[in-house]
Amino acid sequence: MVAPSCYYLNAEREAGLQRLRDVLGEAVAAVCAGAGVAADRLTFAFFGLPAYGEVRADVPAIDAAVGAALGHDRFRCDNDMVCGWAGSLGGADGVNVISGTGSMTYGERGGARARVGGWGELIGDEGSGYWIGRRGLQAFSQMSDGRGTPGPLLDLLRDRLGLEVDVDLVDVVMNRWRGERARVAAVSRLVVEAARLGDGAAGAILSAAGEELAALVEATRRRLGYPDDEAVPVSYSGGVFAADEVRDAFAQRLAERSPAYRLQPPLFAPVVGAALYAAKLAGHPLDDAARARLRSASPKASSRRS
């Protein structure tokens, strides 16, 4: 099933946490009903939640919300970055880079764990959908007032955002969207479209996104202590990687940094990664036969955000 996002930091604290409780309560009940199993019969569960651990004072409240939804304490919570890593690499050592609305990397090597990025749209999230969308809006403003060379992005945003005059963009973003991160991130799709129409500024933004994502992986590699001559498995997740332009730029920048990187498409979707990680934490990791069955029955591994 698909439920609303569990991201709670874009609202007042108590309102955000209450929305999280509501979403978890309804979603756990619906998933268990669909699977024909009661929540209290689950051996173990793993919840990968956006922003988990980023405000440490909120961790007990989030854990309590998950416990209330399940009705027991046989679970573990962590950031949703773990789901992307466990799915894309099948729980094996290596680095996964996420680029959806936000961006970050997570990797493991020999029991060591490392996270890089994920600082949020006001501080970081380089190479993310929000980052691309925001720079697309900036490029539009520069084209409009003569600081930049006009390209297809200019008329594309005028048309898709319904701008009667260019300065209406301020009203759209600040008043109608209220700066909502998901709406700004959605502009990244228009940046991709403009790049495919030959817009040089849009193409440069996507190329820069690939470089930023490669830099996240490089920092993660160093933090995990990979020696220069050791192969580093790398995969990816998140909707931004659906754009060939970003994925190709990322692959090129990664190869330029080190021949040790072994870039591979994701093995499983992040939602399947949560199940793999739950089995691992429960002390019963899935064998090859179980993984093959899961692969045939689960959503196809994709770069699109789940």
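Keep in mind that this is a model prediction, so the values were computed, not measured.

Calculation criteria
Residues numbered from 1 in each chain as written. Predicted model: local features only at pLDDT ≥ 70, side-chain atom pairs only at ≥ 80, totals over all residues. Heavy atoms only, no water. Helix = DSSP H or I, 4+ residues; strand = E, 2+ residues; numbered from the N terminus. Buried < 20%, exposed > 50% of the residue type's maximum accessible area, 1.4 Å probe, protein only. Contact = heavy atoms within 4.5 Å. Areas by Shrake-Rupley, 256 points an atom, 1.4 Å probe, with all protein chains shown as cover. Lys, Arg positive; Asp, Glu negative; His and termini not counted. Charge placed at Lys NZ, Arg CZ, Asp CG, Glu CD. Core = buried A, V, L, I, M, F, W, Y, C linked by side-chain atoms within 4.5 Å. Pairing = 2+ DSSP bridges. Axes fitted to C-alpha atoms, helices over the stretch in contact; angles between N-to-C directions. Expected span 1.5 Å × (residues − 1). 1 Å grid on protein atoms, 1.4 Å probe; cavity = no way out; pocket = protein on both sides within 12 Å on 5 of 7 lines; lining within 4 Å. Points joined across faces, edges and corners; volume = space filled by probe spheres on them. Nonpolar A, V, L, I, M, F, W, Y, C, P; charged D, E, K, R; others polar. Phe/Tyr/Trp six-rings, centres within 6.5 Å; stacked < 30°, edge-to-face > 60°. Lys NZ or Arg CZ within 6 Å of the ring centre and 35° of its normal. Salt bridge = Lys/Arg side-chain N within 4 Å of Asp/Glu carboxyl O.

## With respect to the overall build of the chain
Each helix and strand counted, the chain has eleven helices and seven strands in total. For the chain, the spread of C-alpha atoms along the three principal axes comes to 65 × 50 × 35 Å. A buried classification covers 47% of the 306 residues belonging to the chain. At a minimum sequence separation of 6, the contacts of the chain that also span at least 24 residues come to 70%. Accessible area for the chain stands at about 14,900 Å²; split by element, carbon and sulfur atoms hold 52% of it. Put simply, the chain has 35 plus and 38 minus side-chain charges, and the middle of one group is 3 Å from the middle of the other.

## Observations concerning the nonpolar core
Membership of the largest hydrophobic core comes to 50 residues, with the highest contact counts inside it found for Ile 132, Val 217 and Phe 250. The element contributing the most residues to this core is helix H8 (residues 200–224), with ten residues. The next biggest cluster of nonpolar side chains, apart from the first, holds 23 residues, and it includes Tyr 8, Ala 69, Phe 75 and Cys 77.

## A look at the sheet that holds strand S4 (residues 103–109)
Reading across from one edge, S5-S4-S3-S6-S7 is the order of the five strands in this open sheet, with mixed pairing throughout. If you trace the sheet from one side to the other, it starts and ends with strand S5 (112–117) and strand S7 (261–263), each paired once. Neighbour-to-neighbour, the strand axes of the sheet open up by a mean angle of 20°, direction not taken into account. Sheet topology places S4 next to S5; six bridges connect them, and they run antiparallel. When the sheet's bridge partners are listed, Arg 109 is paired in S5 with Ala 112.

## Quick notes on helix H1 (residues 13–35)
Here H1 contains 23 residues, and its C-alpha end-to-end distance of 33 Å stays within 8% of the 33 Å for a straight helix at 1.5 Å per residue. By the burial criterion, the buried members of H1 are Gly 16, Leu 17, Leu 20, Val 23, Leu 24, Ala 27, Val 28 and Cys 32. Its buried side turned inward, H1 meets strand S1 (45–49) and helix H2 (59–70). A positive backbone phi angle near 70° is found at Gly 36, which sits one or two residues after H1.

## Re the layout of surface pockets
In this structure, the second largest pocket spans a volume of roughly 210 Å³. Around the second largest pocket, the lining residues are Leu 137, Phe 140, Ser 141, Ser 144, Asp 145, Asp 166, Val 167, Leu 169, Val 170, Val 173 and Met 174. For the lining of the second largest pocket, the elements supplying multiple residues, two or more each, are helix H4 (129–145) and helix H6 (168–176). In terms of residues, the lining of the second largest pocket owes the most to one element, H4, which gives five residues. Tallied by class, the residues present in the lining of the second largest pocket amount to seven nonpolar, two polar and two charged.

## What to know about unusual backbone geometry
Positive phi values are uncommon outside glycine, yet Ala 51 reaches one of about 75°. Along the polypeptide, Ala 51 turns up in the loop between S1 and H2. A positive phi angle, near 50°, is found at Arg 178, a position not held by glycine.

## Some points on helix H5 (residues 152–160)
All of the buried residues along H5 are Leu 153, Leu 154, Leu 156 and Leu 157. Just downstream of H5, Gly 162 is the residue with a positive phi angle, here 65°.

## Notes on the packing of aromatic side chains
One pass over the structure, following the stated rule, counts five aromatic pairs. Ring centres of Trp 85 and Tyr 106 lie 5.6 Å apart, and the angle between their planes is 80°; this geometry places the pair in the edge-to-face category. Residue Trp 85 is located in helix H3 (residues 81–88), and its partner Tyr 106 is located in strand S4; the two are separated by 21 residues in the primary sequence. This pair shows no difference in class: Trp 85 is buried, exactly as Tyr 106 is. Between Arg 181 and the ring centre of Tyr 7, over which it is positioned, the NZ or CZ distance is 4.3 Å. Over the aromatic face of Tyr 261 sits the side chain of Arg 221, whose NZ or CZ is 5.4 Å from the ring centroid.

## Description of the pattern of salt bridges
Under the criterion given, the structure shown has 21 salt bridges. The partner of Arg 160 in a salt bridge is Asp 159, with the nearest N and O atoms 3.7 Å apart. According to the relative accessible area criterion, Asp 159 is exposed, its value standing at 57%. Across the salt bridge formed by Glu 218 and Arg 222, the nearest N and O atoms sit 4.0 Å from each other. With Glu 218 and Arg 222 both in helix H8, this residue pair falls four residues apart, about one helical turn. Overall, the relative accessible area of 55% leaves Arg 222 in the exposed class. In the salt-bridge network here, residues are joined through shared partners; they are Glu 218, Arg 221, Arg 222 and Asp 228.

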